[in-house]
Amino acid sequence: MATVVAFHAHPDDEVILTGGTLARAAAAGNRVVIVTATDGRMRNEENGFRLDELRSSARILGAHRVECLGYADSGYGPLFYPDPPGRIRFGRADVEEASRRLATILRDEDADLLLSYQPNGGYGHRDHVQVHHVGKRAAELAATPRVLEATMPRELVCRVGHLARLLRLPGPYERDVVRTAYAPRATITHRIDVFRFARQKRDAFAAHHSQIGGSGTARGFAGLLRLPPQIFGLLFWREWFVDPALPAGTVRRDIFD
């Protein structure tokens, strides 16, 4: 059996991009470790319940260990707020220092595989871009054999955005973001069938209560979580990764291939 470490920016990212894959890996007897760079807090005075939500999500997915590197959320958008007292926003973190923290976990776990992000951070979020830099360097420091970068097909994201506009629903991203978001389908090397783990993925996301409801995209997530697992699975039956060491056009069906 193998050990996979999934490195994410914020609590809830572990479900959105890799929830089904992690549940599938755990169900097959592999050791699953989830690490987030931040605790999801923008300000120190905010309640730390997002880490509690992360731990609940991890239990549902079958993960064996959860860690947080302790950085503050950098926020998304043009404004890059100052660091809160006593903490550093992950987008400003020293890459070498953050990489050493993650590399320590990779060595402790003797990780066979690290799941990280692409250079564009998916949709350009500064914390997600930083995950790529830190994940890549940590894998070098720990001599982790393989790194896969979680992604989605850009063409699919474009279609979802177009459909949302037709239905006058909030789209996941702005039009100018979608043009360079995630990865062209032809460059994706791993396409993982996670249909059998739809209930776990749905329930794990539901564990992140603070991110559901309200307005905009959060309201859309709330509607999706009301779907029966079978319907949810038909909508979210696949997850995607890029192995930068493989040539474009390669297709694998399991993260351990």
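Residues numbered from 1 in each chain as written. Predicted model: local features only at pLDDT ≥ 70, side-chain atom pairs only at ≥ 80, totals over all residues. Heavy atoms only, no water.

1. Focus on the overall build of the protein chain
Phase 1 of the analysis: Within the protein chain, the regular secondary structure consists of nine helices and seven strands.
Phase 2 of the analysis: Judged by the C-alpha coordinates and their principal axes, the protein chain covers about 45 × 45 × 35 Å.
Phase 3 of the analysis: Here the protein chain holds 257 residues, and 49% of them are scored as buried.
Phase 4 of the analysis: Summarising the internal contacts of the protein chain: among those between residues at least 6 apart in sequence, 81% fall at separations of at least 24.
Phase 5 of the analysis: About 12,000 Å² of surface is accessible on the protein chain, with carbon and sulfur atoms providing 55% of the total. (Helix = DSSP H or I, 4+ residues; strand = E, 2+ residues; numbered from the N terminus. Buried < 20%, exposed > 50% of the residue type's maximum accessible area, 1.4 Å probe, protein only. Contact = heavy atoms within 4.5 Å. Areas by Shrake-Rupley, 256 points an atom, 1.4 Å probe, with all protein chains shown as cover.)

2. Some details on the packing of helix H1 (residues 13–27) against helix H7 (residues 198–206)
Phase 1 of the analysis: Viewed as axis vectors pointing N to C, H1 and H7 meet at an angle of 135°, and their least axial separation amounts to 9 Å. In terms of orientation, H1 and H7 fall into the oblique class. For H1 against H7, the interelement crossing comes out right-handed. The segment H1 lies against H7, with Val15, Ile16, Gly20 and Ala23 engaging Gln200, Lys201, Ala204 and Phe205.
Phase 2 of the analysis: Looking at the contact of H1 with H7 residue by residue, the class counts come to five nonpolar, two polar and one charged. (Axes fitted to C-alpha atoms, helices over the stretch in contact; angles between N-to-C directions. Parallel < 35°, antiparallel > 145°, perpendicular 65-115°, else oblique. Left-handed = near helix turned anticlockwise from the far one by under 90°. Nonpolar A, V, L, I, M, F, W, Y, C, P; charged D, E, K, R; others polar.)

3. Topic: the layout of surface pockets
Phase 1 of the analysis: Estimates place the volume of the second largest pocket at around 220 Å³.
Phase 2 of the analysis: Looking at the second largest pocket, it is lined by 15 residues, and the ones nearest its centre are Lys136, Ala139, Val147, Glu149 and Pro244.
Phase 3 of the analysis: Where the lining of the second largest pocket is concerned, the elements lending two or more residues are strand S4 (113–117), helix H4 (126–142) and strand S5 (146–151). (1 Å grid on protein atoms, 1.4 Å probe; cavity = no way out; pocket = protein on both sides within 12 Å on 5 of 7 lines; lining within 4 Å. Points joined across faces, edges and corners; volume = space filled by probe spheres on them.)

4. Quick word on helix H5 (residues 154–166)
Phase 1 of the analysis: In this model, H5 (13 residues) spans 19 Å end to end at C-alpha, consistent with the 18 Å of a helix rising 1.5 Å per residue.
Phase 2 of the analysis: Restricting attention to buried positions, one finds in H5 the residues Val157, Gly161 and Ala164. Taken end-on, H5 shows its buried residues confined to a sector of 60°, consistent with a single buried face.
Phase 3 of the analysis: On the buried face of H5, the contacting elements are helix H6 (175–178).
Phase 4 of the analysis: Just downstream of H5 lies arginine 168, where phi reads positive at about 55°. (Expected span 1.5 Å × (residues − 1). Arc of directions from axis to C-beta.)

5. Focus: the environment of leucine 227
Phase 1 of the analysis: Relative to the elements of secondary structure, leucine 227 occurs in the loop between helix H8 (217–225) and helix H9 (229–235).
Phase 2 of the analysis: With a relative accessible area of 22%, leucine 227 lands in the partly exposed category.
Phase 3 of the analysis: Sequence-wise, leucine 227 and arginine 202 are 25 residues apart; in three dimensions their C-alpha atoms are separated by 8.9 Å.

6. Observations regarding the environment of valine 131
Phase 1 of the analysis: With respect to the secondary-structure elements, valine 131 resides in helix H4.
Phase 2 of the analysis: Between the C-alpha atom of valine 131 and that of valine 95, which follows or precedes it by 36 residues, the distance is 9.4 Å.

7. Notes on unusual backbone geometry
Phase 1 of the analysis: At aspartate 12, a position not held by glycine, the phi torsion is positive, near 105°.
Phase 2 of the analysis: Counting through the fold element by element, aspartate 12 comes out in the loop between strand S1 (3–8) and H1.
Phase 3 of the analysis: Although it is not a glycine, aspartate 110 adopts a positive phi angle of roughly 50°.
Phase 4 of the analysis: Positionally, aspartate 110 belongs in the loop between helix H3 (95–109) and S4.
Phase 5 of the analysis: A relative accessible area of 60% means that aspartate 110 is categorised as exposed.

8. A look at the sheet that holds strand S2 (residues 31–38)
Phase 1 of the analysis: Strand order in this open sheet of seven strands is S3-S2-S1-S4-S5-S7-S6, and the pairing throughout is mixed. Taken across any chain shown, the strands that pair with only one partner, and hence form the sheet edges, are strand S3 (65–71) and strand S6 (190–193). Ignoring strand direction, the axes of neighbouring strands in this sheet form an average angle of 25°.
Phase 2 of the analysis: Two strands pair when backbone bridges link them, and S1 and S2 are joined in this way by six bridges, in the parallel orientation. Counterpart to histidine 8 in the pairing with S2 is threonine 36.
Phase 3 of the analysis: Of the strands in this sheet, S1, S2, S4, S5, S6 and strand S7 (238–242) touch H1, which is tilted by about 100° from S7. (Pairing = 2+ DSSP bridges.)

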